[in-house]
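# Close look at the chain arrangement
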Amino acid sequence: SMLWFLCHARYSFWDERSVWRPYGDISNNFGIVGNQQASPVAALVEKLVNSIDAVLTTECMRNGIDPASTDAPISMQSAVELFLKVPDGRIQNLDPRSRTSLAQRIQLVACGTKSNPCYLIIDDGEGQNPEYFPVTFLSLHKENKTKIQFVQGKYNMGGTGVLQFSGTHSFQLIISRRQQYLNECSPKWGFTITRRLEAGPNQPQSTYVYLAPNKQVPSFDADSILAKPGRFPNLYAEALEAGTCIKIWNYKLPGRLKTIATLDLRYALEQHLQAPAIPVRISERRSYQAHYYDTTMSGLYALLAVRPDKIEPGFETGSPIE
């Protein structure tokens, strides 16, 4: 369906190089992007970290605090405690029901097919105006988070780690709308599609680009979009009024991690993101037979908090370092 849209006679975007803008406005960005992540799981974690940052940032601004100011929290833990009312800023201190409720703010949804899974990453964070996509979602080496002390994704690689694992063409769909209670917000949703552009006469090597006719990210008007999943097997069933939805296609996970997302993929994510500041709701919407299709990923620390018997007696769990 993505190829049909790009190649449709009404648009003819596929072969028209002028409508594709280089990621980060760096034409030779293939090496930069390709060196981000060696693991497809770690690349997914990078997306979840960006969503966590977006939720904490919007809560900071909702409380009337400039995230880059000296009034803002100086750590992620203190931000979670202050803005989300989590005791000591650690989600392992919440009961499972409270963690599940908080996890609704960041969702990872498996769809597509069993052999070629697609994933949606959805959050109700700050969102971005269409004109700011190039300096946020689609930027490289910018310093747009370095002054915010309570966020984690400060290296500004635009979440590009997933691109080398996203099928043949590195398709990624980004849709976002700024939270309407924030200052300088646009009522429009911005959207774009990323792809890997093959080398050509004026481009000696492959490069990652995004759709931007007339160098502008496309946009549309809507009060909400049906992006969030409903009860299994319903996909695109519930409204997202603002925030961000990202979809990646034909994601190249190892064989066992392609199976039902609430099991092996969840365990792999917990190992990479051992103590997430905000839990993540994982939903499976492919045609699996299972006891449950939705679960909350809270990291290994939260698992051990409710099952301390799983720690070997006398095991050294930490030492002070000078």
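Please refer to the structure higher up on the page.
Residues numbered from 1 in each chain as written. Predicted model: local features only at pLDDT ≥ 70, side-chain atom pairs only at ≥ 80, totals over all residues. Heavy atoms only, no water.

### Focus: helix H5 (residues 96–103)
What counts is decided by this rule: Each residue is assigned to one of three classes by its accessible area relative to the maximum for its type, calculated with a 1.4 Å probe on protein chains only: buried under 20%, partly exposed between the two thresholds, exposed over 50%. A run of H or I in DSSP becomes a helix once it reaches four residues, and a run of E becomes a strand once it reaches two; helices and strands are each numbered from the N terminus. The arc refers to the directions leading from the helix axis to the C-beta atoms. By the convention used here, residues are in contact when the closest approach between their heavy atoms is within 4.5 Å. Nitrogen and oxygen atoms within 3.5 Å of one another constitute a polar contact, given that in protein one can donate a hydrogen and the other can accept it, and given that sequence-neighbouring residues count only through two side-chain atoms.
Three or more residues of H5 are buried, namely Arg99, Leu102 and Ala103. The buried residues of H5 occupy one face: seen down the axis, they fall within an arc of 100°. Turned more than 90 degrees away from the buried face of H5, the exposed residues are Arg97 and Ser101. In this fold, the buried residues of H5 make contact with helix H4 (76–84), strand S2 (106–112), strand S11 (280–284), strand S12 (294–297) and helix H7 (300–306). The N-terminus of H5 is capped by Asp95, whose side-chain oxygen sits 3.1 Å from the backbone nitrogen of Arg97.

### What about a nonpolar patch on the surface?
Applied cut-off: Nonpolar side chains (Val, Leu, Ile, Met, Phe, Trp, Tyr) are joined into patches within 5 Å and like charges within 9 Å, using only residues with over 30% relative accessible area and no salt bridge. What sets the accessible areas is the Shrake-Rupley method with a 1.4 Å probe; for residues, cover comes only from the shown protein chains. Counted as salt bridges are all cases of a side-chain nitrogen of Lys or Arg within 4 Å of a carboxyl oxygen of Asp or Glu.
Residues Leu263, Tyr267 and Tyr292 make up a contiguous nonpolar surface patch of about 260 Å² in total accessible area. Secondary-structure assignment places Leu263 in helix H6 (residues 261–272).

### Digging into the pairing of strand S3 (residues 117–123)
The following threshold applies: In short, DSSP must find at least two bridges between two strands for them to pair.
In terms of residue burial, S3 counts as a mostly covered element, since seven of its seven residues are buried. What you see with S3 is no split at all: Pro117, Tyr119, Ile121 and Asp123 on one side and Cys118, Leu120 and Ile122 on the other are buried throughout. From the end of S2 to the start of S3, which pair antiparallel, there are four residues. Direction of pairing for S3 relative to strand S10 (residues 243–248): antiparallel, over a ladder of five bridges. Following the sheet pairing, Tyr119 is matched in S10 by Ile248.

### Considerations on the environment of Asn93
Here Asn93 is to be found in the loop between H4 and H5. Residue Asn93 is classed as partly exposed on the basis of its relative accessible area, which comes to 41%. Between the alpha carbons of Asn93 and Asp15 there is a distance of 53 Å; along the sequence they are 78 residues apart. Ignoring anything within four residues of it in the chain, the contact list for Asn93 reads Pro87 and Asp88.

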